[in-house]
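Notes for the structure review
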Amino acid sequence: MEKVALLAPQEEDTDDLETLDAVAKARSIYIEPEHQATDVEFHQALALRAVISNSTVYCIVLFVIAGFIVLGAALLGLLLAPPQKIPLKGYRVSTSVVNPMPTWWNNAIFTNDWIVISAKGVSPVQLDNTTALWIFGETTYQVVNVTNPDGSPKNVTIPSSILFLSLEADSRKVVNAYFVTDEDGFPRPILPQKGNDTTVIPAASIVLNKVYYQWYKTVKRATGAHVSTGLAMDDNGDPFVDLQIVFSAANSTPPTIAQTNGSSNGYVYFFFAKQDNVFSSQTLLYVARMPVGQLTNISAPYEYWAGGDNWNVPGYSVPTLDSIGTSFSITWNPYCQLYLTLDTGPGTRAVLRSSVTVYKDYTLPMTLYPTTGESTEALTTAQWHPELFEADSRIMYASVYSGSRPYPSLLRIELTPDSS
C-alpha cells in the first residue's frame, strides 16, 4: 500500500478493506453505497484521485511560474525600455551635411609643407569663449615634395593630433584653425603611444575651473583590444603646450566610450556603454558620476546610477538607455533647455534623444543622419560640437565618421519652433 502512504502519510499501511474504504471516502473518491470496495476498485479510484490531484498541482505551479514570467518581463520592460516620448517635442528639426567642408577646415589640413590625409575620431572641448580644441586620435599626414626611396609619397602617422580653433566671441564662428606643430613645423601628438603596435583614441574632454582634462584609451592597432586607459591634464591654460599625464593604467575604469556634459551639483557625469550578453546582444548605456575634486584620483570610486535618484558606489546599476551604437555624445542645449544625446544607433544612423535630466528619462531616438541621398555606410563615431553651436544654440553642429572616410562629415542641425 505504498501509494496510500505517499498520498496520506499520516495513515499507516493496512490490508483491511474497511480501512481502505474509509481512506477512500476520506479522499472524496466516490464509492457506491452498500458496496464493499475491492482491492482493484480501490486502487483504480486512488489512481484516479492521484491523477486529478497531480494535474491540479501542476496547473497551479505552471500558473504561478507564468505569473512570475509575465511580472518579470513587465518589470524588465519598465527597467530597460526608454520612455515613449517624442524627442524635441515642439520643435522642427532640419539636418543637412555641410558640403563642401568649411574653408577653415581646408586651410587647416592643407599647408605648404604637409597635408593631413586622415584623422580618426575627435574629442572637442571649448577652453573659453574664443578658443576650442579638437583632439584627434591616430593621424596621418603626407610630407609635401618628399618621397620615400621607392618613389612613393612620404606619409607619417602619429598617435594623436590637436586642431586649434579660434572663435568669434559673439557669433562663435570659426575665424581660424590650425594643427599644433612641433619645432620642425609638423603636426605633433598630444597623447602618448605605448609601442608601435598600439594607437590612441581620445575619450572625454572637459574644462573645469580653468583646468583641462583629457581621458583617452590605448588599443592594439590590429585588433582594437584594450591596452590601458589614461588621464591627462593641464592647469596652465595651454593644454597643447604643457599637457601632463596623470595616470595610465590597464586596471583603471574611466569610460571606454564617453563624453561628459560638464559638471552639475559638484559632480561630473560619465556615460559607459556595455554589451548586454544576458538578454540580447544590444549595447546598454550606464551613467556614473564623480565629485569634481576626485577626477585625478585613480582609486576614487565612481557612483553608478541605480534608478530614480539613487546612486551606488559601486554596486547595483541600471541602464539609462538601450540599443545604442558604438559611439555616444551628450550636450546641454540652452535654447530648448534639454540634454541632447547623439549615438550611432544601429550602426548606419546617427540618432538624437532628449531629456530634461542628464542621467534618465530619455526619449525615443530621432534619426539625424543619413539625410536624403546620403549613403548608409557603417558609422564609427557621432559627436556633438557645442563649440560650433551658434550663439543661441538654435543651430547646432555635429560630426559623423565612417570607417571608409579619412575625415569627419559635418552636420548642421537647425531647430524651429513648431506650434502645430
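Residues numbered from 1 in each chain as written. Predicted model: local features only at pLDDT ≥ 70, side-chain atom pairs only at ≥ 80, totals over all residues. Heavy atoms only, no water.

1. Examining the overall build of the protein
Helices and strands together make up the secondary structure of the protein, namely four helices and 25 strands. Burial statistics for the protein: of 420 residues in total, 45% are counted as buried. As presented, the protein carries roughly 21,100 Å² of accessible surface, and 53% of it is formed by carbon and sulfur atoms. (Helix = DSSP H or I, 4+ residues; strand = E, 2+ residues; numbered from the N terminus. Buried < 20%, exposed > 50% of the residue type's maximum accessible area, 1.4 Å probe, protein only. Areas by Shrake-Rupley, 256 points an atom, 1.4 Å probe, with all protein chains shown as cover.)

2. As for unusual backbone geometry
The peptide bond linking Asn 99 to Pro 100 adopts the cis configuration, its omega dihedral lying at 5 degrees. Each neighbour pair has its own omega, and for Tyr 369 with Pro 370 the value is 10 degrees, a cis peptide bond. When you line up the elements, Pro 370 lands in the loop between β22 (366-369) and β23 (379-384). Its identity as a non-glycine residue notwithstanding, Ser 393 has a phi of 65 degrees, on the positive side. Tracing the sequence through the fold places Ser 393 in the loop between β23 and β24 (395-402).

3. Section: the side chain of Thr 131
In this fold, Thr 131 is placed in strand β4 (residues 131-136). Look at Thr 131 and you get buried, because its relative accessible area is 12%. Once residues within four sequence positions are removed from consideration, Thr 131 is found in contact with Gln 126, Phe 164, Leu 165 and Leu 167. (Contact = heavy atoms within 4.5 Å.)

4. Quick notes on the sheet that holds β4
Read from one edge to the other, the open sheet built from four strands follows the order β3-β4-β7-β8, with strand pairing classed as antiparallel. Only two strands of the sheet have a single neighbouring strand rather than two, namely β3 (123-128) and β8 (174-179). The mean angle between the axes of side-by-side strands here comes to 20 degrees, regardless of whether they run parallel or antiparallel. (Pairing = 2+ DSSP bridges. Axes fitted to C-alpha atoms, helices over the stretch in contact; angles between N-to-C directions.)

5. Here's the deal with the nonpolar core
Residues Trp 105, Trp 134, Phe 136, Leu 163 and Leu 165 are the most contacted members of the largest nonpolar core, which totals 28 residues. Where this core is concerned, the elements lending two or more residues are α4 (103-109), β2 (114-119), β4, β5 (139-147), β7 (161-167), β8 and β24. In terms of residue count, α4 provides more of this core than any other element does, four residues in total. Those residues within four positions of Trp 134 in sequence are excluded, and the remaining contacts are Trp 104, Trp 105, Val 122, Ser 123, Pro 124, Ser 161, Ile 162, Leu 163, Leu 165, His 385, Glu 387 and Leu 388. (Core = buried A, V, L, I, M, F, W, Y, C linked by side-chain atoms within 4.5 Å.)

6. Quick look at the packing of aromatic side chains
On inspection of all chains with the given rule, the structure shows 24 aromatic pairs. Residues Trp 105 and Trp 134 carry aromatic rings whose centres are separated by 6.1 Å and whose planes lie at 45 degrees to one another, so their mutual orientation is tilted. Remark: Trp 134 occurs in strand β4 and Trp 105 occurs in helix α4; sequence separation between them is 29 residues. Take Trp 105 and Trp 134: they sit in the same class, and that class is buried. An aromatic cluster is present here, built from Trp 104, Trp 105, Trp 114, Trp 134, Phe 136, Tyr 141, Phe 179, Phe 186 and Tyr 407 joined pairwise through their rings. (Phe/Tyr/Trp six-rings, centres within 6.5 Å; stacked < 30°, edge-to-face > 60°.)

7. Some words on the confidence of the model for the protein
When pLDDT is averaged across the protein, the result is 75; 72% of the residues are at 70 or more. Counted against residues more than four places away or in other chains, residues 1-64, with its pLDDT under 50, gives 40 contacts. (pLDDT = per-residue confidence, 0-100.)

8. Quick notes on the pattern of salt bridges
By the definition in use, this model includes nine salt bridges. Between Lys 120 and Glu 138 there is a salt bridge, and its shortest N-O distance comes to 3.3 Å. In this pair, Lys 120 is assigned in the loop between β2 and β3 and Glu 138 in the loop between β4 and β5, connecting sequence segments 18 residues apart. Here Arg 353 ties to Asp 343 by a salt bridge, and the two come within 2.4 Å at their closest N and O atoms. (Salt bridge = Lys/Arg side-chain N within 4 Å of Asp/Glu carboxyl O.)

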